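# Structural overview
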Amino acid sequence: MVREANEKQAAAEKTLKESQMKVDVLTAEVAALKTLVLTSTPSSPNPHLHPQICKDDSGMTIFTKKHRRSPSHYNLKYGRENSPPGSPVKDATLAGNPEIEVESREGMEVDPVFHKEFLEWRKNPVIDKADPFVNRIFREDITMCLDFSNRELLERVVKAVEDGSVLVESVGDKTKVIFPKTCALLQVPRLCFYRMSVGDADSWYSISQICRNRIIAVCDFLNYLKYIQRGLVKSCAHDVYWEIIRLRRNMSLARLGLDIAS
């Protein structure tokens, strides 16, 4: 009887442990889905909230993401107040062939080479630098955006950004009286309202606004690619393309020290 009771207890504990693991998995999935937040205002309605305004070719409602919080709970913005750039009007003479299709709107035109690389990548979205689409973005945007003076720390930052372990958070008001500080990445005196960790929770580095903006812009872009890779982005190809262009633009603005459009 004692042995039988012990066996039942062990089985119950095993079942409980498995149930807890399932709960953890579901909790993680819910947290990921919560990042797909929709916004809309009366003056600028978000078409993704209104099926009668915008649907993709299959009739499925198009969704976009609002923002994702970094591990340090500092907001990463995905068009928080403005929807992604509208899909340009297709050239009727070339419509129907995605490989040669040229889209344009006032002040905007698609780069046909990059567009073709994007369409090929979207068939099998992987974040691999050997892929022409990903390689181009790292070469033209990410590498330049994360080009800091502190070369030793730079290597750790790049690795942390790519694997998602970088932490960036604002400095508490009580510690702001210590300013000015030296930006750990630029190695020059700057007012550092942010601090950064690159994997070691015990080591924090003071960074300036421009460095914070560059890191956040790159994280925003890579997170969006990861969402596409996981199948969380249900938008049509045109909307995804223009959202990628917007995020690339944000990296350029951040690199130049200009405000990123929120």
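To start, this report covers the structure provided alongside it. (Residues numbered from 1 in each chain as written. Predicted model: local features only at pLDDT ≥ 70, side-chain atom pairs only at ≥ 80, totals over all residues. Heavy atoms only, no water.)

Take the sheet that holds strand 6 (residues 167-170) next. The antiparallel open sheet is built from three strands, whose spatial order is 6-9-10. A strand with exactly one partner marks an edge of an open sheet, and here the two such strands are strand 6 and strand 10 (205-207). Recorded for the sheet is a direction-independent mean angle of 30° between the axes of neighbouring strands. Pairing geometry for strand 6 and strand 9 (residues 194-197), over four bridges, is antiparallel. Paired with glutamate 169 across the two strands is arginine 195, which belongs to strand 9. Seen against the sheet, helix 5 (residues 209-229) touches strand 6, strand 9 and strand 10 and runs at an angle of roughly 100° to strand 10. (Pairing = 2+ DSSP bridges. Helix = DSSP H or I, 4+ residues; strand = E, 2+ residues; numbered from the N terminus. Axes fitted to C-alpha atoms, helices over the stretch in contact; angles between N-to-C directions. Contact = heavy atoms within 4.5 Å.)

Further remarks concern the packing of helix 2 (residues 112-123) against helix 3 (residues 132-145). It is at 8 Å that the axes of helix 2 and helix 3 come closest, and there the two elements cross at 130°. The orientation of helix 2 with respect to helix 3, classified from their angle, is oblique. Touching Val113, Phe114, Glu117, Phe118 and Trp121 of helix 2 are Pro132, Phe133, Val134, Arg136 and Ile137, all from helix 3. Class assignment of the residues belonging to the contact of helix 2 with helix 3 gives a composition of eight nonpolar, no polar and two charged. (Parallel < 35°, antiparallel > 145°, perpendicular 65-115°, else oblique. Nonpolar A, V, L, I, M, F, W, Y, C, P; charged D, E, K, R; others polar.)

Next up on the list: unusual backbone geometry. Of note in this structure, glutamine 187 is not a glycine but carries a positive phi near 60°. Mapped onto the fold, glutamine 187 is located in the loop between strand 7 (181-182) and strand 8 (189-190). Accessibility expressed as a relative area gives 48% for glutamine 187, which makes it partly exposed. (Buried < 20%, exposed > 50% of the residue type's maximum accessible area, 1.4 Å probe, protein only.)

A few words on the environment of serine 165. Along the chain, the position of serine 165 falls in the loop between helix 4 (151-163) and strand 6. For serine 165, a relative accessible area of 29% puts it in the partly exposed group. Sequence separation between serine 165 and serine 197 is 32 residues; the distance between their C-alpha atoms is 8.3 Å. Sequence-distant contacts of serine 165, defined by excluding residues within four places in its chain, comprise Ala160, Ser197, Val198 and Gly199. A polar side-chain atom of serine 165 sits 2.6 Å from a polar atom in the side chain of aspartate 163. (Polar contact = N/O pair within 3.5 Å; in protein donor to acceptor, adjacent residues only side chain to side chain.)

Glancing now at the nonpolar core. Judged by nonpolar contacts, the single largest core of 50 residues is most densely connected at Leu185, Met196, Ile215 and Ile244. When contributions to this core are tallied by element, the ones reaching two or more residues are helix 2, helix 3, helix 4, strand 9, helix 5 and helix 6 (237-255). At 12 residues, helix 5 tops the list of elements feeding residues into this core. (Core = buried A, V, L, I, M, F, W, Y, C linked by side-chain atoms within 4.5 Å.)

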